[in-house]
Amino acid sequence: MAKPEDLRLDHVASLARIALTPDEKVRFATQLGDVLAYVAQLNEVDVSGVEPTAHAFPVVNVWAQDIAEPGLSVEDALRNAPEKRDNMFVVPKVVE
Amino acid sequence: MTYEAVIGLEVHVQLKTRSKMFTRVAAGYGHPENTLTDPVVLALPGTLPVMNKEALDKIVRAGLLLGCEIAPECKWDRKNYFYPDSPKNYQISQYDQPLCRGGFVEIELPGPARNIMGEHRRIALTRIHLEEDVGKLSHGEGASLVDFNRAGTPLMEIVSEPVIHSADEAFAYLTALKAVMIYGGISDCDMEKGQLRCDANISIRPAGDAALGTKVELKNLNSFSFVRDGIAHEVRRQVAVVGSGGKVVQETRDYDGQTGESKSLRSKEMAHDYRYFPDPDLMPVRVDEAWKESIRTGCPELPFDKQRRLQKEYGVPYTITSVLVPDRALSDFFEEAARLCGRPQAAGNWIANDLLRELGAAKLELAQSRVTPRHVAELVVLVETGAILSNAAKEVFIDMFQTGDLPDAVVARKGLRAETNPDELERWCSDAIAANPKSVADFKSGKESAINAFKGPVMRAAKGKADPKRVDETLRRLLAG
Amino acid sequence: MSEELCHSTIADLSRLLDRGGVSAVELMRAVIARTKEVDGRVGAFNSFDEADALAQAAASDERRSRSRTAGSGAPGRPLEGIPIGLKDVIAVAGQPLTASSRMLEHFVSPYDATVTRKLRDAGAICWGRLNLDEFAMGSSTENSAFRTTSNPWDLERVPGGSSGGSAAAVAAGEAIAALGSDTGGSIRQPAALCNVVGMKPTYGRVSRYGLIAFASSLDQIGPFARSVEDAACLLSAISGHDRRDSTSVDLGVPDYGAGMAALAQSGRKWRLGIPKEYFGAGLDPEVGAAVQAAIDEYRRLGCEIREVSLPHTKYAVGAYYIIATAECSSNLARYDGVRYGHRSRDATDAIDIYFKTRAEGFGPEVKRRIILGTYVLSSGYYDAFYLRAQKVRTLIRRDFLEAYKDVDAIVTPTSPTPAFRKGEKAANPLAMYLNDIYTIGVNLAGLPGISIPCGFTRGGLPIGLQVIGQPFRETELLAVAAAYEKVTDWRMRRPPL
Ligand SMILES: [Mg+2]
Ligand SMILES: [Zn+2]
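Keep in mind that what you see is a predicted model, and the values were worked out from it rather than measured.

### Side note on the overall build of chain A
Summing up its helical and strand segments, chain A has three helices and three strands in all. The N-to-C order of helical and strand elements in chain A reads α-α-β-α-β-β. On C-alpha atoms alone, chain A measures out to a radius of gyration of 22 Å, which is more than a quarter above the 12 Å that the 2.2 N^0.38 rule sets for 96 residues. Seen through its principal axes, chain A has C-alpha atoms that stretch 55 × 45 × 25 Å. Burial analysis of chain A (96 residues in total) assigns 45% to the buried set. Accessible surface for chain A amounts to roughly 4,800 Å². Of this, 52% is attributable to carbon and sulfur atoms. Taking the 9 positively charged and 16 negatively charged side chains of chain A as two groups, their mean positions are separated by 10 Å.

The following block contains the structure:
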């Protein structure tokens, strides 16, 4: 398991799309370092041959038939939009 | 040095379903912006996905048609990345347990000529998995606009092995794949509607080398010909780079079909780390034998199998089958007509030439055609029995294409029945021979083509209602006499 | 009279409403008045819509009078006209849905959660938006972006969390019962700290559709109430398969109240397991003593008490913080300011907008967890963290299932300590995380668990007893809890407000 100092805070925050202040970086590094040191105890557990649990009570083939149902009106769809135009959501220009 | 191109294609195909992949709001194309959304599509807080059974059936069918191994059990994973067209900022996809593995697409390479069948080859597939589509971004002044109608549409990703070696092969692969999808009722694959999208991974290596070169991912190949042109362009570009002592850089490039140029997308892209993990909101899929069997039972004949059968069973030539077979409905139309009239060749000609020409001119789909297999079959019979002549038949065809009347009715309405009185035909032929002694002499001295000089006057006298074959016979008999 | 109504149980109020001793509107008015009187001090609510609540109550009275006219004579439905508070992570159409986050400060839900719809179908009144730790991340309700809820028993202390608003509202008489959500103890721990009953059903029992996701594989909605019977009543109303939640289990829902009563009648003697790992260091002596006394009470009731072992207990918190943060990092990616929610005003482009919006919209605990979760899933670390944690989860679940070969239920403290002072653990996330040490295993194993009042400290702070049941056997679990509740009167005490 990775050591706490491996927490590449800038890289990870960038993957998570969160801008951190210098102060937050210092605090998070310490706090998350503590947490990582704590979770490192999972290394003690012998998990060889153990299947991971993704669902506590797994069932398979939970699906719905392909029947179209009414959705939201355009008004409702855009009701909470921070910015809208021509029935669409507006975001600052995406540079490709 | 000669180089060999190594190409792998990643094709995304939208499945033809009524509702979306993980929610039941309608899926569709061409609707007003943001009218095909619901709380799940917009990823409103608290919403959850539920699988669409039909989409699963369709990917299993695709897998069976393409000879894939269907996974007995598979799960769903989240592919995490941020983009404004992605409502959850993760895409539900299948990472390490795709529903289908292996399989192949049978392709036909261009033949030496248009009317000669090309070589057939199998392009191996790596995998096919199911995922969901994203919304659509359009770029306006200083801002981008997002429409989520497309978001959540079931999407099948078909990944080929890197075993394609030319732009022509890539084109043939897409053509064949599209035909299979249409045959299976899996997707309409209309590239203009974004129902089929293609990315290409392209590298070059010295011919004969086994190691792969650095690959470039080419995106935005949004028509079949752009795929061909884009790949050809990229291969030339890489050969030029290497040829001038440079190195191909691993990157994603955007191909502009209008200008025929590509540019690197690398600059603006952020580092990717998709952080795949199993989606805890969805349960696994288990495909048992009974399910597979029920899908297999409904599977159609594959296009190339059908083509081989039509050629063998009906004796129709490649020139006709190569036109009919890519379109499942058209080839079914043909089979029906051939069965009704018992003259497959003639029926095939009418359909492949006249029907397609008229449909094209009228900008109609086959489904909208007023001409049915019965129309074609009856027309063929009229011609074969000599009841009408081929010029008249053309006229009948155009008429029934417009009116939907059966050939008999058109012939009666227009008075196009062939002139069958043998005495009259004999008289017209004698008159024509008598009027042209020079050509009689030419013909008798061995100039075969001289006979044509009599046919014009005969046809004029018959007002076009004489059967050319019988005119020819009669003239020869009289000239010989 | 009015305050008395506010502290009554669902069962009593239902009879009173049936008799015509009070109308739903009168009851709702009383609850509104009580809320206005005390919520300035308690801070349980993010918001409430008085007019909407009264309109729902009037509609309930209308339904009741129609069925009276129809002369059915049958008693009304148990939740008809009862004001139920909802944690502000459960969607109610037309009402705010904030998760106590700046990110969703102005968000109004266009749809009902499945539990909301079920409550409406049962005739209940959806009452108010109850405070929580932002996005349900925390154990003290101090992580709310809007207010810190106070413990009604000591306003200087936390009510626990993350469903602190739900627990405090029920304790303070601001709602007759409430719904919360429990990912690692977020119902049971605040219930313990506020002297109310709080239950987390088996994972899959209650639909999560319309519950703002924190950690999808652990989250479950459950009731807060003043008695086990009330909790059973609420659970019956909200349980059941939902075609909008693939993880909701397609099993019949028993009438928990009736099942519980039948088991009590039968005089069944329960075999109860006491896991030794839950009584070690870190357990407050007063809490330990109260729980021991409760175990003795069970023994007096004729129950068989057995020591059991849950050997992987010490790894539960670690596994939990990997799984929960990994899932939350992905679940919270949708809060990007594009379709709804907070959007930074000074973003320059479509990438920048994510960084600034999320920096401004999320509080520190949410950021910490997203970052931790992003890290454990990042390239090269998945196997070491997430996959390993999922395997440890298997072992933890196995421990429980093994124990259930010998016992019907497991009895433990709910929280190692009573309510702590505000600010006491705010600077030390790890200390805060360890608060959930007794509750987390239940979520990892997907089991049902309940916390019931079992005493007070000398300083007058409530103590909770946790009973852990077997998968989908909530009826037995409720019966075990009710057996103790019946012979004690801790739940009758009211906070000195
Ligand atoms: Mg891909
Ligand atoms: Zn894809």
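### Details of the overall build of chain B
Along its length, chain B carries 15 helices and 18 strands. Radius of gyration (C-alpha) of chain B: 30 Å, far over the 23 Å computed for a compact globule of 481 residues. A burial count over chain B gives 53% of its 481 residues as buried. For chain B, long-range pairs separated by at least 24 residues make up 69% of all intrachain contacts whose partners lie at least 6 apart in sequence. As displayed, chain B offers around 20,900 Å² of accessible surface, 51% of which is attributable to carbon and sulfur atoms. Each charge class in chain B was averaged separately, 63 positive and 68 negative side chains, and the resulting centres sit 3 Å apart.

### Observations regarding the sheet that holds strand β2 (residues 84–85) of chain A
What the four strands build is an open sheet, ordered β2(A)-β3(A)-β11(B)-β10(B); its pairing is antiparallel. The sheet terminates laterally at β2 of chain A together with β10 (136–140) of chain B, the two strands that pair on one side only. Across five bridges, β10(B) lies against strand β11 (residues 143–147) of chain B in antiparallel orientation. Pairing of B:G140 across the sheet is with B:A143, part of β11(B).

### Quick look at the interface of chain C and chain B
Listed per partner, the contact involves 41 residues of chain C and 33 residues of chain B. Carbon and sulfur atoms supply 60% of the area buried between chain C and chain B, which totals about 2,900 Å² over both sides. Three residues stand out in chain C for area buried against chain B, namely C:S246, C:R334 and C:R339, and they jointly supply 20% of the buried area on that side. Applying the counting rule to chain C against chain B returns one salt bridge. Residues C:R208 and B:D281 are paired through a salt bridge, measuring 3.0 Å at the closest nitrogen-oxygen approach.

### Some points on the coordination of the zinc ion (ligand 2)
Residues and elements named next belong to chain B. Taken together, the protein donors to the zinc ion (ligand 2) comprise H12 (NE2), E131 (OE) and E157 (OE), at separations of 1.8 to 2.1 Å. Sequence positions of the donors to the zinc ion (ligand 2) reduce to the motif H-x118-E-x25-E. A distance of 3.9 Å spans the gap from the zinc ion (ligand 2) to the magnesium ion (ligand 1), which E157 bridges by coordinating each metal. Of this pair, E131 sits in strand β9 (residues 120–132) while E157 sits in strand β12 (residues 154–160), placing them 26 residues apart in sequence. Relative accessible area serves as the criterion here: at 3%, E131 is assigned to the buried category.

### Some points on the interface of chain A and chain C
Listed as interface residues are 53 residues of chain A and, on the opposing side, 65 residues of chain C. Here chain A and chain C share an interface that buries about 5,300 Å² over both sides, 69% of which is from carbon and sulfur atoms. Area buried by chain A at its contact with chain C is led by A:L42, A:F57 and A:N80, which between them contribute 13% of it. Taken together, the links from chain A to chain C amount to four salt bridges. For C:K367, the salt bridge goes to A:E24, with nearest N and O atoms at 2.8 Å. At the junction of chain A with chain C, the criterion picks out 22 residue pairs in polar contact (both at pLDDT 80 or more).

### Quick notes on the packing of aromatic side chains
For any pair of aromatic rings, geometry is given as the distance between the ring centres together with the angle between the planes. All names here are of chain C. As enumerated under the stated definition, the model contains 32 aromatic pairs over all chains in all. Where F135 meets Y335, the ring centres are 4.8 Å apart and the plane angle is 50 degrees; that geometry is what we call tilted. On the criterion of sequence distance, the pair formed by F135 in the loop between β3 (125–130) and α6 (164–171) and Y335 in the loop between α11 (316–331) and α12 (352–361) is long-range, its members being 200 residues apart. Per residue, the accessibility class of F135 equals that of Y335, and both read buried. Both rings, one in Y320 and one in Y321, keep their centres 4.9 Å apart while their planes meet at 80 degrees; by these two values the pair is edge-to-face. On the basis of relative accessibility, which here comes to 2%, the residue Y321 falls in the buried class.

### Describing helix α4 (residues 50–69) of chain C
Residues and elements named next belong to chain C. Between its first and last C-alpha, α4 extends 28 Å over 20 residues, near the 28 Å set by a 1.5 Å rise per residue. Inspection of α4 places A53, Q56, A57, S60, D61 and R64 among the buried residues, and these make up the whole buried set. One side of α4 holds all its buried residues, which, seen down the axis, span an arc of 140 degrees. For α4, the exposed residues set more than 90 degrees away from the buried face come down to A51 and T69.

### Some words on the nonpolar core
Core analysis: the biggest nonpolar cluster contains 205 residues, and C:L79 and C:F135 have the highest contact counts within it. Broken down by element, this core gets its largest block of residues, 10 residues, from α11(C). One finds B:A62, B:L99, B:M181 and B:I295 within the second-largest nonpolar core, a separate group that totals 67 residues.

### Focus on the pairing of strand β5 (residues 77–80) of chain B
Residues and elements named next belong to chain B. Both faces of β5 are covered, namely the face carrying D77 and K79 and the face carrying R78 and N80. Pairing geometry for β5 and strand β17 (residues 277–278), over two bridges, is antiparallel. Residue pairing for β17: D77 is matched across the bridge by P278. Direction of pairing for β5 relative to strand β6 (residues 90–93): antiparallel, over a ladder of four bridges. Residue pairing across strands places D77 opposite S93, the latter belonging to β6.

### Describing unusual backbone geometry
Most peptide bonds are trans, and most residues other than glycine sit at a negative phi. A cis amide bond links C:G161 with the next residue in sequence, C:S162, at an omega value of 5 degrees. Relative to the elements of secondary structure, C:S162 occurs in the loop between β3 and α6. One non-glycine residue, A:D86, lies in the positive phi region at around 50 degrees. Residue position: A:D86 is located in the loop between β2 and β3 (88–92). The class of A:D86 is exposed, set by a relative accessible area of 56%.

Conventions used here
- Residues numbered from 1 in each chain as written.
- Chains lettered and ligands numbered in written order.
- Predicted model: local features only at pLDDT ≥ 70, side-chain atom pairs only at ≥ 80, totals over all residues.
- Heavy atoms only, no water.
- Helix = DSSP H or I, 4+ residues; strand = E, 2+ residues; numbered from the N terminus.
- Rg over C-alpha atoms; globule rule 2.2 N^0.38 Å.
- Buried < 20%, exposed > 50% of the residue type's maximum accessible area, 1.4 Å probe, protein only.
- Areas by Shrake-Rupley, 256 points an atom, 1.4 Å probe, with all protein chains shown as cover.
- Lys, Arg positive; Asp, Glu negative; His and termini not counted.
- Charge placed at Lys NZ, Arg CZ, Asp CG, Glu CD.
- Contact = heavy atoms within 4.5 Å.
- Pairing = 2+ DSSP bridges.
- Buried area = accessible area lost by both parts, 1.4 Å probe.
- Salt bridge = Lys/Arg side-chain N within 4 Å of Asp/Glu carboxyl O.
- Donors = N, O, S within 2.8 Å, 3.2 Å for Na, K, Ca; no water.
- Polar contact = N/O pair within 3.5 Å; in protein donor to acceptor, adjacent residues only side chain to side chain.
- Phe/Tyr/Trp six-rings, centres within 6.5 Å; stacked < 30°, edge-to-face > 60°.
- Expected span 1.5 Å × (residues − 1).
- Arc of directions from axis to C-beta.
- Core = buried A, V, L, I, M, F, W, Y, C linked by side-chain atoms within 4.5 Å.

Purely spatial values, then, with no claim about function.
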